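These are the residues of each chain, in order.
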Amino acid sequence: MPRIARRTLAAPAAAVFALLLVGVGGCGSGGKSHPTATPTPSPTPSASAPASPSTNGQLSPLTGLPGPAGQVLAVKIDNIVNARPQTGINSAAVVYAIEVEGGISRFLAVFDSNHLPPGNTVGPVRSARESDLPILQQYGKVDFAYSGALSKFLPILAQADIFNASADQDGGAYFRGSNNVAPYNLFVRPSSILHDFPDSAQAKDIGFRFGPAPSGGTPTDSYTARMPAAGFTFSWSASQGKYLVAMDGKPAMTTDAGQMGAPTIVIQKVAETTSPRGFMDSPGVLSPYAPTVGSGAAVVLRDGQAFQGSWSRTDPNGGTTFSYAGQPMTFHPGQVWVVLEPQ
C-alpha cells in the first residue's frame, strides 16, 4: 500500500479505528521539521558532567545520572488530546514518541525500578504497537505494560522476549481513574508490575553517551519535529536546564510534575513504512511502522544547541549509536526523549 494512502485518511476513519484497536493516539498538524535558531551564545559545558554510562552501579546507563539504575519497565502511554495531561511520564528515563494510526503519536516510556514516579502511577495506558518490540529488544527482557493490541498482534506479543505485563495478564496492577472517561483513564502502578515480574532485565548500556557538549553546535531556542498528524515543539529553558515540550501548539502538561521536558531531545529520523506483517488499522489501510534497526540522520538538542548527526543500529539485540562529526554524540545527563520522526 503506498505510503500516501495511509497519510491522507479522512476523519470518519476514526470510527473504524475505535472498533479495531483498543487505543487511539493524539492529533496535531503535519509538516516537516524545522529548527528556529537564535543568536544566543553557546553555553559552556559543565566540567563535572558525568561521562559515558557505567554498568557498575555508579552511573545510570540510561540517564548518566549518579546512582544505580534498576530493572526496566516500559509503559505504552496514550497521547490523544482526550488522554492529556498524562501522569508519571516526567519520571521516565527515556521517552519514545512514535507514529501510530492516522499519523498521530503515542509514547513508549522506559522506567527503571529505582526511579519510579513519586505517586507510583503512570498513564493513561493504551494498546501496544508493532514498532514497540524492536525498540525494547535492545533493553533485554523487560516488563512491558500496555492494554490490548490488534488481535493479530497479540500472538506476537505473547511470544516476544518480554515479560508480558499487559492489563489482561496483570490486571491487579491497573486501575481506572476518576478524572476522565474510558478508555482514557486506565493507569498502572509500576511497583506492582515490578513486584509481579521480579526477573525483568536490569538497565544496561543501550548506546547512550553522556558528557559535556561537543563544539560546533548551532544555538537553537526552538525546534519542531513532526509526524503526519502530530507536532512536537521543544523550547530551550536556560533557567530549568532543559527543553520544554509543546504538542500541537500547547504546553505538554502532566498531572504530577508540571510541563514535560528533558535536557536531551533526540530527533531520530526513520524510514517510516507500513507493517512488515501486514497489520491493518482499518480495511485497506496498513499500520505504520517505524524501523529502529538500520541507520539515518539525527538531530540532538541539548544546552540550547542543535547538533546535526546520525544514528546507527546494526544488531537488533544491540544498542543505538548516535554520532556527531565522526564521534559519539554526548547527551546531557538526565531524561532523554527520542522522537522517531518520519524522513
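For the structure itself, look to the data block above.
This one's a predicted model, so the numbers in the text were calculated from it and none came from an experiment.

Caption draft 1: View of the overall build of the protein. Across its full length, the protein holds five helices and 25 strands. Across the 343 residues in the protein, those meeting the buried criterion constitute 55%. Taking all contacts inside the protein whose residues are at least 6 apart in sequence as the whole, residues at least 24 apart take part in 69%. Counting only carbon and sulfur atoms, one obtains 55% of the accessible surface of the protein, whose full area is about 13300 Å².

Caption draft 2: Layout of the side chain of N185. By the element assignment, N185 lies in the loop between β7 (174-176) and β8 (186-188). What makes N185 buried here is its relative accessible area of 6%. A distance of 2.9 Å separates the side chain of N185 from the side chain of R176, its partner in a polar contact. In this structure the side chain of N185 is engaged in a polar contact, spanning 3.1 Å, whose partner is the backbone oxygen of N180. Ignoring any residue separated from it by four or fewer positions in sequence, one finds N185 in contact with P124, F175, R176, G177 and N180.

Caption draft 3: Spatial organisation of the pairing of strand β20 (residues 294-302). The sheet contact formed by strand β15 (residues 264-270) and β20 spans five bridges and is antiparallel. What sits directly across from Q268, in β20, is A298. Where β20 meets strand β21 (residues 305-313), nine bridges bridge the pair, whose relative direction is antiparallel. Its bridge partner lying in β21, G294 is registered against R313.

Caption draft 4: Region of interest: the packing of aromatic side chains. Enumeration over the complete set of coordinates arrives at 16 aromatic pairs. For the ring pair W236 and Y243, a centre distance of 5.2 Å and an interplane angle of 50° mean the geometry is tilted. Within the aromatic cluster, the residues linked to one another by ring pairs are F107, F232, F234 and W337. The ring of F163 has K141 lying over it, and the distance from NZ or CZ to the ring centre is 4.6 Å.

Caption draft 5: Representation of empty space enclosed by the protein in the model. Throughout the structure, instances matching the rule amount to two cavities of 30 Å³ or more. Forming the walls of the largest cavity are 15 residues, and the residues nearest its centre are R129, E130, L150, S287 and P288. In the lining of the largest cavity, the residues fall into eight nonpolar, two polar and five charged. Its volume calculated, the second largest cavity comes out at about 80 Å³. Forming the boundary of the second largest cavity are Y96, I135, Q138, I206, F208, Q268, T292, R313, T320, F322, V338 and L340.

Caption draft 6: Structural detail: the environment of Q58. When you line up the elements, Q58 lands in the loop between β1 (34-37) and β2 (72-77). Along the sequence, Q58 and P68 sit ten residues apart, while their C-alpha atoms lie 5.6 Å from each other. In this structure Q58 touches L65, P66 and G67, once residues within four positions along its chain are discounted.

Caption draft 7: Spotlight on the nonpolar core. With 45 residues, the main nonpolar core has V94, Y96, Y139, F144, L157, F208 and F331 as its most contacted residues. Non-local contacts of F331, meaning those with residues more than four positions away in its chain, are made with F208, R209, F210, G211, T264, V266, V300, R302, F322 and V336. Ranked by size, the runner-up nonpolar core spans 41 residues in total, among them F163, A230, M247 and L301.

Caption draft 8: Quick look at the pattern of salt bridges. Tallying each qualifying case throughout the model produces nine salt bridges. For K76, the salt bridge is made with D132, and the minimal N-O distance between the two is 2.7 Å. Of this pair, K76 sits in strand β2 while D132 is found in helix α3 (residues 132-137), placing the two residues 56 residues apart along the sequence. A salt bridge links D205 to R209; its shortest N-O distance comes to 3.0 Å. For R209, a relative accessible area of 25% translates into the label partly exposed. What emerges from the salt-bridge pattern is a single network uniting D78, R106 and R126.

Caption draft 9: The arrangement of the environment of W337 in detail. For W337, the position within the fold is in strand β25 (residues 336-342). Distance from W337 to I265, taken between C-alpha atoms, is 4.8 Å for residues 72 residues apart in sequence. Once you skip the residues sitting within four places of it in the chain, W337 turns out to touch V95, F107, F232, F234, V245, M260, A262, T264, I265 and V266.

Caption draft 10: Focus on unusual backbone geometry. In the segment running from R84 into P85, the intervening peptide bond is cis, with an omega of 0°. In this structure, P183 follows A182 across a cis peptide bond, with omega equal to 5°. Position of P183 among the secondary structure elements: in the loop between β7 and β8. With a phi close to 55°, N120 is a non-glycine residue in the positive phi region.

Caption draft 11: Main features of the pairing of β21. Summarising the sheet, strand β10 (residues 218-227) and β21 pair through two bridges and their orientation is antiparallel. Within β21, the residue paired with T218 across the bridge is A306. Taken together, β20 and the strand that follows it, β21, pair antiparallel across an intervening segment of two residues, in which D303 is found at a positive phi of about 55°. Of the strand pairs in this sheet, β21 and strand β22 (residues 321-324) are connected by three bridges, and their pairing is antiparallel. Across the sheet, the residue bridging to S310 is S323, located in β22.

Reading guide: rules and limits
Residues numbered from 1 in each chain as written. Predicted model: local features only at pLDDT ≥ 70, side-chain atom pairs only at ≥ 80, totals over all residues. Heavy atoms only, no water. Helix = DSSP H or I, 4+ residues; strand = E, 2+ residues; numbered from the N terminus. Buried < 20%, exposed > 50% of the residue type's maximum accessible area, 1.4 Å probe, protein only. Contact = heavy atoms within 4.5 Å. Areas by Shrake-Rupley, 256 points an atom, 1.4 Å probe, with all protein chains shown as cover. Polar contact = N/O pair within 3.5 Å; in protein donor to acceptor, adjacent residues only side chain to side chain. Pairing = 2+ DSSP bridges. Phe/Tyr/Trp six-rings, centres within 6.5 Å; stacked < 30°, edge-to-face > 60°. Lys NZ or Arg CZ within 6 Å of the ring centre and 35° of its normal. 1 Å grid on protein atoms, 1.4 Å probe; cavity = no way out; pocket = protein on both sides within 12 Å on 5 of 7 lines; lining within 4 Å. Points joined across faces, edges and corners; volume = space filled by probe spheres on them. Nonpolar A, V, L, I, M, F, W, Y, C, P; charged D, E, K, R; others polar. Core = buried A, V, L, I, M, F, W, Y, C linked by side-chain atoms within 4.5 Å. Salt bridge = Lys/Arg side-chain N within 4 Å of Asp/Glu carboxyl O.

Functional significance is not addressed by these values, which are geometric in nature.
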